[in-house]
Amino acid sequence: HVSSDVVRVGKRLSYVLRHRPDSVGLTLDEAGWVDVDALLAALAAYGLLLTRAGLDRVVAGDDKGRFAYDGTGRRIRASQGHSVPVALGYAAEPPPAVLFHGTVERVLPAIEAEGLQPGRRHAVHLSPDVGTARRVGARRRGRAVVLRVDAAGLAATGAVFTRSANGVWLVDAVPPPFLTVL
Ligand code: HQG
């Protein structure tokens, strides 16, 4: 069971590290990293008092492993999900034959017309299994649906797949021919 503090602080960290570092006066480097001491000082200046040990608990306790320290432990970033421009630097990797995408029924007509598009994020997010995809779809209002993605077929057309440190598969887009509703 993850404590409500870990969840609450994790949400704030996601906001800062993925979308609005400027909201606490920070800038991320090109790969999305920020100095841990600078982050803690910036959060404190905006009313969130967090120690390094507290941050460690959030990083370790986050249900999706959203945050990662670099090798030195002096810098932290979100592993995926950014809307600010960052180059995460994950190596291209051949995907499994099949991946999944969780969404909601009401957007199916648009997806059938345009395929999966990244929207405000940098990439389309794909899940390695149906259960994870179902949970992703269930975050949104409406009836959740899971799409099966012919990842091998899409990769064969030259599409580049990467996998984030927390196991989310990322690709620029998925055209309609590679999608089936489960
Ligand atoms: C939909 C969470 C209309 C797409 C999750 C999705 C994931 C379209 C929504 C991660 C469309 C975007 C990502 C099109 C795609 N027309 N709608 N052509 N193409 N969509 O939140 O994949 O908690 O940006 O189906 O667990 O839902 O943030 O992406 O419903 O891993 O760590 O547009 O975010 O993780 O929504 O979720 P999102 P997502 P975190």
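This write-up is about the structure you can find in this document.

Quick notes on the rules
- Residues numbered from 1 in each chain as written.
- Predicted model: local features only at pLDDT ≥ 70, side-chain atom pairs only at ≥ 80, totals over all residues.
- Heavy atoms only, no water.
- Helix = DSSP H or I, 4+ residues; strand = E, 2+ residues; numbered from the N terminus.
- Rg over C-alpha atoms; globule rule 2.2 N^0.38 Å.
- Buried < 20%, exposed > 50% of the residue type's maximum accessible area, 1.4 Å probe, protein only.
- Contact = heavy atoms within 4.5 Å.
- Areas by Shrake-Rupley, 256 points an atom, 1.4 Å probe, with all protein chains shown as cover.
- Lys, Arg positive; Asp, Glu negative; His and termini not counted.
- Charge placed at Lys NZ, Arg CZ, Asp CG, Glu CD.
- Arc of directions from axis to C-beta.
- Pairing = 2+ DSSP bridges.
- Patch = residues over 30% accessible without salt bridge, like charges linked within 9 Å, V, L, I, M, F, W, Y side chains within 5 Å.
- Salt bridge = Lys/Arg side-chain N within 4 Å of Asp/Glu carboxyl O.
- Axes fitted to C-alpha atoms, helices over the stretch in contact; angles between N-to-C directions.

Let's shift gears to the overall build of the protein chain. In terms of helices and strands, the protein chain carries six helices and nine strands. At 17 Å, the protein chain has a C-alpha radius of gyration in line with the 16 Å of a compact globule built from 182 residues. Based on the C-alpha atoms only, the size of the protein chain along its principal axes is roughly 50 × 35 × 25 Å. Within the protein chain, buried positions represent 44% of all 182 residues. Long-range pairs, those at least 24 residues apart, make up 70% of the contacts in the protein chain with a sequence separation of at least 6. Of the accessible surface of the protein chain, which amounts to about 9500 Å², a share of 55% is contributed by carbon and sulfur atoms. Of the charged side chains in the protein chain, 23 are positive and 17 negative, and the gap between their average positions amounts to 6 Å.

Before going further, it helps to examine helix α3 (residues 52-61). Because each turn of an α-helix spans 3.6 residues, side chains separated by three or four positions end up pointing in the same direction. Within α3, the full set of buried residues consists of Gly54, Leu55, Val58 and Val59. One face of α3 carries all of its buried residues, which in axial projection span an arc of 140°. More than 90 degrees from the buried face of α3, the exposed residues found are Arg57 and Ala60. Elements in contact with the buried residues of α3: α1 (4-19), α2 (36-45), β2 (67-69) and β3 (75-78).

Right, let's talk about the pairing of strand β6 (residues 144-150) for a bit. Two strands pair when backbone bridges link them, and strand β4 (residues 98-104) and β6 are joined in this way by seven bridges, in the antiparallel orientation. Along β6, the bridge assignment pairs Gly102 with Val146. Bridging between β6 and strand β9 (residues 179-181) involves three bridges; their strand directions are antiparallel. For Val149, the partnering residue across the bridge sits in β9 and is Leu179.

Attention now goes to a positive patch on the surface. A cluster of basic residues, Lys64, Arg106, Arg135, Arg139, Arg140 and Arg141, forms a positive patch on the protein surface. Given the relative accessible area of 42%, Lys64 is considered partly exposed.

Another point: the sheet that holds β2. Spatially, β1-β3-β2 is the arrangement adopted by the three strands of the open sheet, whose pairing is antiparallel. Of all the strands in the sheet, the pair left with one neighbour each is β1 (34-35) and β2. Relative to the sheet, α3 contacts β2 and β3, its axis offset from that of β2 by approximately 125°.

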